[in-house]
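Understanding the architecture of this molecule
Here's the letter readout for the chains.
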Amino acid sequence: MCGLYLLWTDSSIFLYPFPSNSCAACTIPSLCDLSSFLMPNATSHKHSIPPLFPIHSTYTAFYCEENVYLLTKQFLENEEIRGLWDVFAVFISNSTRTVALWKQKLQENVVIWDYHVILVIRPKPRFESDDEESDRKLKQDILGKAWVYDFDTSLERPCTWSEYIAQTFPYSTRDTVWTIKEMYRSLFRVVPGQEYLDWFASDRSHMVEEEDENIFTRQEPDKPIVYKSRPPPYPVIVGIRARDAGILNNLMASFVDMDAKNGGVGDVYTLEGVAGFFGESAV
C-alpha cells in the first residue's frame, strides 16, 4: 500500500494523515510474528487444505506488494503447494487509485486504498498422488475452490475466494440493493506467481515523503530519506529478469497501472472478470 489512505464514513470521504508507527496486523511498528495467522484446524491427511500462512512470514505495514512477493516465494519453494496449486499475485487498483475495500484490519468501516495486493491460489486442473484415497479426499476438498491470502483483512486467513469477494466488495453481490461511485470500483491485475518473482522491482520511492520524492537523483548522499512508513529491514526487491533487463523500479508502471493498453505484467480484469477467472463468483 502506498503513502496515504482514506476512510469513508457515511456519505463523506475524509483524508487522514498516514500513520508513521502503526501496523494493520499488530501493535509492532514494522514486523510481526504471523503465528496468529495459522488456521486452527489442520486437516488429518498429509496436505493442509488450504495451505497455512507460513509461521515465519515477514510482514511490513503498508508494503503489501513486498509482503505478497515474499509469501509467493515461500509458496513456490514448497514442492507440495507448487504441485497442487497455481499461485497468483493480484493487484487491486483503478485509474484514480481510489479503491474501496471493506473488512480491512485498519478500521471497521470501508478503507479507500490507492492500491492493494493479495495472494490467491487456485487448484491445478489435475493432480495425482501415490495414495489413491488421499487423492480422492484432496479432490473433494479443493475442487473449484480458490483461496485468498490477504495480510490486512479482518476475515479468516486464508478464506475462500467467494467469501473474500462478497465481504471485501459487498456492493458486488447479486442481492445487494446499493452501489458505489465508479471512482471507487476496483480493477484487478492478475500476475502468475513466477512472473511476479521474476519481473517485480521496487526502489520504494513511492513511499518517500513528497518533498523528498527526487532524493534518489539528487547529489546529496548524506541526506536521510524520509519515508511515509518505515520500510522493510531487508534490501529492495528486484526480480532476476527485471535486473537482467536493467529495470530497478516498475511497481507503478507494470503492476499498479490498470490500463491494459499500457502493457504491464499479467492481465487486467473487472470484478466480474476476475471472479470468473478464479472459478467462484458472488457477483
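Please read these numbers as outputs of a predicted model, since none were measured by experiment.

What counts, and where the lines are drawn
Residues numbered from 1 in each chain as written. Predicted model: local features only at pLDDT ≥ 70, side-chain atom pairs only at ≥ 80, totals over all residues. Heavy atoms only, no water. Helix = DSSP H or I, 4+ residues; strand = E, 2+ residues; numbered from the N terminus. Buried < 20%, exposed > 50% of the residue type's maximum accessible area, 1.4 Å probe, protein only. Contact = heavy atoms within 4.5 Å. Areas by Shrake-Rupley, 256 points an atom, 1.4 Å probe, with all protein chains shown as cover. Pairing = 2+ DSSP bridges. Axes fitted to C-alpha atoms, helices over the stretch in contact; angles between N-to-C directions. Polar contact = N/O pair within 3.5 Å; in protein donor to acceptor, adjacent residues only side chain to side chain. Core = buried A, V, L, I, M, F, W, Y, C linked by side-chain atoms within 4.5 Å. Phe/Tyr/Trp six-rings, centres within 6.5 Å; stacked < 30°, edge-to-face > 60°. Lys NZ or Arg CZ within 6 Å of the ring centre and 35° of its normal. Arc of directions from axis to C-beta. Salt bridge = Lys/Arg side-chain N within 4 Å of Asp/Glu carboxyl O.

What to know about the overall build of the protein
A count of helical and extended segments in the protein gives 8 helices and 10 strands. Here the protein, with 283 residues, has 50% of them falling under the buried criterion. Put simply, of all contacts in the protein between residues at least 6 apart along the chain, 72% involve residues at least 24 apart. Summed over all atoms, the accessible surface of the protein reaches about 13900 Å², with 50% contributed by carbon and sulfur.

Topic: the sheet that holds strand E8 (residues 159-160)
The antiparallel open sheet is built from 6 strands, whose spatial order is E8-E7-E6-E3-E9-E10. Of all strands in the sheet, those bounded by a partner on one side alone are E8 and strand E10 (267-269). As defined by bridge partners, strand E9 (residues 187-192) adjoins E10 across 3 bridges and the pair is classed as antiparallel. Counted as the bridge partner of Arg-189 is Val-268 from E10. Helix H1 (residues 64-76) rests against strand E3 (85-93), strand E6 (116-123) and strand E7 (147-149) of the sheet, and its axis sits at about 25 degrees to E6.

With respect to the side chain of His-206
Checked against the element boundaries, His-206 lands in the loop between helix H5 (193-199) and helix H6 (240-244). At 3.4 Å, the side chain of His-206 forms a polar contact with the side chain of Glu-65.

Side note on the nonpolar core
Ranked by internal contacts, the top residues of the largest apolar core, which has 67 residues, are Val-90, Trp-161, Phe-169, Tyr-196 and Phe-278. The greatest single-element share of this core, amounting to 7 residues, is contributed by E3. Setting aside chain neighbours within four positions, we find Tyr-196 in contact with Glu-65, Val-68, Tyr-69, Thr-72, Ala-89, Phe-91, Val-191 and Phe-255.

Considerations on the packing of aromatic side chains
To describe a pair of aromatic rings, you give the distance between the ring centres and the angle between the ring planes. Scanning the entire structure with this criterion turns up 22 aromatic pairs. The interplanar angle of 75 degrees and the centroid separation of 5.2 Å between the aromatic rings of Phe-53 and Phe-151 together place this pair among those described as edge-to-face. With Phe-53 in the loop between strand E2 (12-16) and H1 and Phe-151 in the loop between E7 and E8, the pair connects residues that are 98 residues apart, well separated along the chain. One exposure class covers both Phe-53 and Phe-151, and it is buried. These aromatic residues form a ring-pair network of at least three members: Trp-102, Tyr-164, Phe-169, Tyr-171, Trp-178 and Phe-188. Lying across the ring of Phe-277, Arg-122 places its NZ or CZ 4.5 Å from the centre.

Regarding helix H4 (residues 161-168)
When we look at burial in H4, the residues that qualify are Trp-161, Tyr-164, Ile-165 and Thr-168. Angular distribution of buried residues about the axis of H4 spans 95 degrees; they occupy a single face of the element. Taken together, the buried residues of H4 touch strand E4 (99-101), E6, E7, E8 and helix H8 (271-277).

Some words on the environment of Tyr-63
Locating Tyr-63 in the fold gives a position in the loop between E2 and H1. With relative accessibility at 0%, the residue Tyr-63 sits in the buried group. Within the structure, the side chain of Tyr-63 is placed 2.8 Å from the backbone oxygen of Ser-229, a separation counted as a polar contact.

Points about the pairing of E9
In this structure, E3 lies alongside E9, joined through 6 bridges in antiparallel fashion. Opposite Ala-89, over in E9, you have Val-191 as the bridge partner.

With respect to the side chain of Ser-254
Along the polypeptide, Ser-254 turns up in helix H7 (residues 251-256). Among the residues examined, Ser-254 registers a relative accessible area of 17% and is labelled buried. If sequence neighbours within four positions are ignored, Ser-254 has contacts with Arg-189, Gly-264 and Val-265.

Here we look at the pattern of salt bridges
On inspection of all chains with the given rule, the structure shows 6 salt bridges. The residue Arg-185 makes a salt bridge to Glu-182 at a minimum N-O spacing of 3.9 Å. Taken together, the shared-partner salt bridges in this structure form one network comprising Asp-86, Arg-122 and Lys-124.

Let's talk about the environment of Ile-247
Along the polypeptide, Ile-247 turns up in the loop between H6 and H7. Classification of Ile-247 by relative accessible area gives partly exposed; the value is 25%. Ignoring sequence-local partners within four residues, the contact set of Ile-247 consists of Trp-199, Ala-201, Val-238 and Ala-242.

Concerning unusual backbone geometry
Arg-157 connects to Pro-158 through a cis peptide bond whose omega is 0 degrees. Within the fold, Pro-158 resides in the loop between E7 and E8. A positive phi angle, near 70 degrees, is found at Phe-62, a position not held by glycine. Of note, Phe-62 is situated in the loop between E2 and H1.

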